[in-house]
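# Structural features, examined
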There are 2 protein chains.
Amino acid sequence: MEESDVIRALAALAHSMRLKVFRALVVTGPAGLTPGALCEALEVAPNTLSFHLKELLHAGLVTQQRDGRNLIYRASFERMTGLLAFLTANCCQGEACLAAPACATC
Amino acid sequence: MEESDVIRALAALAHSMRLKVFRALVVTGPAGLTPGALCEALEVAPNTLSFHLKELLHAGLVTQQRDGRNLIYRASFERMTGLLAFLTANCCQGEACLAAPACATC
DNA sequence: CCATTATTTCGATTATTCTTGAATCATGGA
DNA sequence: TCCATGATTCAAGAATAATCGAAATAATGG
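Criteria and cut-off values
- Residues numbered from 1 in each chain as written.
- Chains lettered and ligands numbered in written order.
- Predicted model: local features only at pLDDT ≥ 70, side-chain atom pairs only at ≥ 80, totals over all residues.
- Heavy atoms only, no water.
- Near = heavy atom within 4 Å.
- Polar contact = N/O pair within 3.5 Å; in protein donor to acceptor, adjacent residues only side chain to side chain.
- Helix = DSSP H or I, 4+ residues; strand = E, 2+ residues; numbered from the N terminus.
- Nonpolar A, V, L, I, M, F, W, Y, C, P; charged D, E, K, R; others polar.
- Buried < 20%, exposed > 50% of the residue type's maximum accessible area, 1.4 Å probe, protein only.
- Lys, Arg positive; Asp, Glu negative; His and termini not counted.
- Salt bridge = Lys/Arg side-chain N within 4 Å of Asp/Glu carboxyl O.
- Contact = heavy atoms within 4.5 Å.
- Axes fitted to C-alpha atoms, helices over the stretch in contact; angles between N-to-C directions.
- Parallel < 35°, antiparallel > 145°, perpendicular 65-115°, else oblique.

Before going further, it helps to spend a moment on the protein's contact with DNA strand C. Lining the immediate surroundings of DNA strand C are 21 residues, of which Asn-47 and Arg-69 of chain A together with Gly-36, Asn-47 and Tyr-73 of chain B lie closest. Close to the protein, within 4 Å, the atoms of DNA strand C are drawn from sugar and phosphate at a rate of 71%. One of the side-chain N or O atoms of Arg-69 of chain A is found 2.9 Å from a sugar or linking oxygen in DNA strand C. At 2.8 Å, a backbone N or O of Gly-36 of chain B approaches a phosphate oxygen of DNA strand C. Looking at the surface near DNA strand C, the elements that each hand over two or more residues are helix H4 (46-58) of chain A together with helix H3 (35-42), helix H4 (46-58) and strand E2 (70-75) of chain B. In terms of residue class, the surface near DNA strand C is made up of five nonpolar, 11 polar and five charged.

Shown next as structure tokens:
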């Protein structure tokens, strides 16, 4: 993962609504959610949500798939783990450190 | 870790220079680095660096300690792991998922 | 106490991002 | 084909963040 990709992903997540959207998709898992469902859950206007979903999509943090007249968005776990790996890579020059596993519940 | 803290931390890291600074501190580990050393390594003006260090400090991602006429900045591994944990918490509603450990080298 | 080095703070300008409303595109059914 | 629904795009103004030069603060050694 390139540094520019990492920055794009971090910037995408560094916004209240986008973080909520991403967390909702992470919690939901492989089933994913439609924009309509997210609008209702997060009480946000469709165009505003669409803007933020596009940001997440462009950052590679979510994927988009059409299903009839709905779209299904899913969190990209591959991208997320790449991001986490970048932040901790080569920490402490290989010495023992306090970095804990990323996913406590899995 | 509160959502607002997470956003602050993500926003702090979502900037090329700040990410470089943070990575340099992560790689260096507990010894830490002075602003002067970072200035030289990253080829940045002292006041610009100071601005960004303050952002990282305010986000809790780095700590500051005075040592004579130098300041020593260190990455806060505690904060970083808290951030990583937030992003992956409750993923996939407890189902098995692909989330990998955060720190591959430690 | 003064000079020097290290680092931060201030203020103004520029650039970027967020929000909002109206318009547009895509799909499925009558 | 026409309409309704789900979702996105566009353009503007408002808010926020980044940059840079100049000045200020902090600590040490002479």
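The next point concerns the side chain of Arg-23 of chain A. In this fold, Arg-23 of chain A is placed in helix H2 (residues 16-28). Of the side chains bearing the opposite charge, Glu-3 of chain B lies closest to the buried Arg-23 of chain A, which forms no salt bridge; the N-O distance is 8.0 Å. Polar contacts involving the side chain of Arg-23 of chain A include one to the main-chain carbonyl oxygen of Ala-89 of chain B, which spans 2.7 Å. When residues no more than four places from it in sequence are discounted, the contact partners of Arg-23 of chain A are Phe-86, Leu-87, Thr-88, Ala-89 and Asn-90 of chain B.

Excluding glycine, most residues fall at negative phi; most peptide bonds, likewise, are trans. Residues and elements named next belong to chain B. Of note, Glu-43 is a non-glycine position whose phi angle comes to about 50°, a positive value. Residue position: Glu-43 is located in the loop between H3 and H4. Non-glycine residue Asn-90 carries a positive phi angle of around 60°. Tracing the backbone through its elements, the reader meets Asn-90 in the segment after helix H5 (77-88). Under the relative-accessibility criterion, Asn-90 is labelled partly exposed at 46%.

Residues and elements named next belong to chain B. Taken as a whole and judged by the stated rule, the model has four salt bridges over all chains. As a salt-bridge pair, Arg-79 and Asp-5 come within 3.8 Å of each other at their nearest N and O atoms. Here Arg-79 is found in helix H5, whereas its partner Asp-5 is found in helix H1 (residues 3-13), with 74 residues between them in sequence. For Asp-5, a relative accessible area of 24% corresponds to the partly exposed category.

With that out of the way, let us pick up the packing of H2 of chain A against H4 of chain A. All names here are of chain A. Relative to each other, H2 and H4 sit at 70°, their axes nearing to 10 Å. It follows from the interaxial angle that H2 and H4 lie roughly perpendicular. Mapping the contact onto sequence places Met-17, Arg-18, Val-21 and Phe-22 in H2 and Thr-48, Leu-49, Phe-51, His-52, Leu-53, Glu-55 and Leu-56 in H4. By residue class, the composition of the contact of H2 with H4 is seven nonpolar, two polar and two charged.

Turning to the protein's contact with DNA strand D, a few remarks are in order. Taken together, the neighbourhood of DNA strand D is formed by 20 residues, with Gly-36, Asn-47, Asn-70 and Tyr-73 of chain A together with Asn-47 of chain B sitting nearest. Of all atoms in DNA strand D that approach within 4 Å of the protein, 69% are sugar or phosphate atoms. Between DNA strand D and His-52 of chain B there is a distance of 3.0 Å, counted from a phosphate oxygen to a side-chain nitrogen or oxygen. For the surface near DNA strand D, the secondary-structure elements that each account for two or more residues are helix H3 (35-42), H4 and strand E2 (70-75) of chain A together with H4 of chain B. For the surface near DNA strand D, the element with the most residues is H4 of chain A, which contributes four residues.

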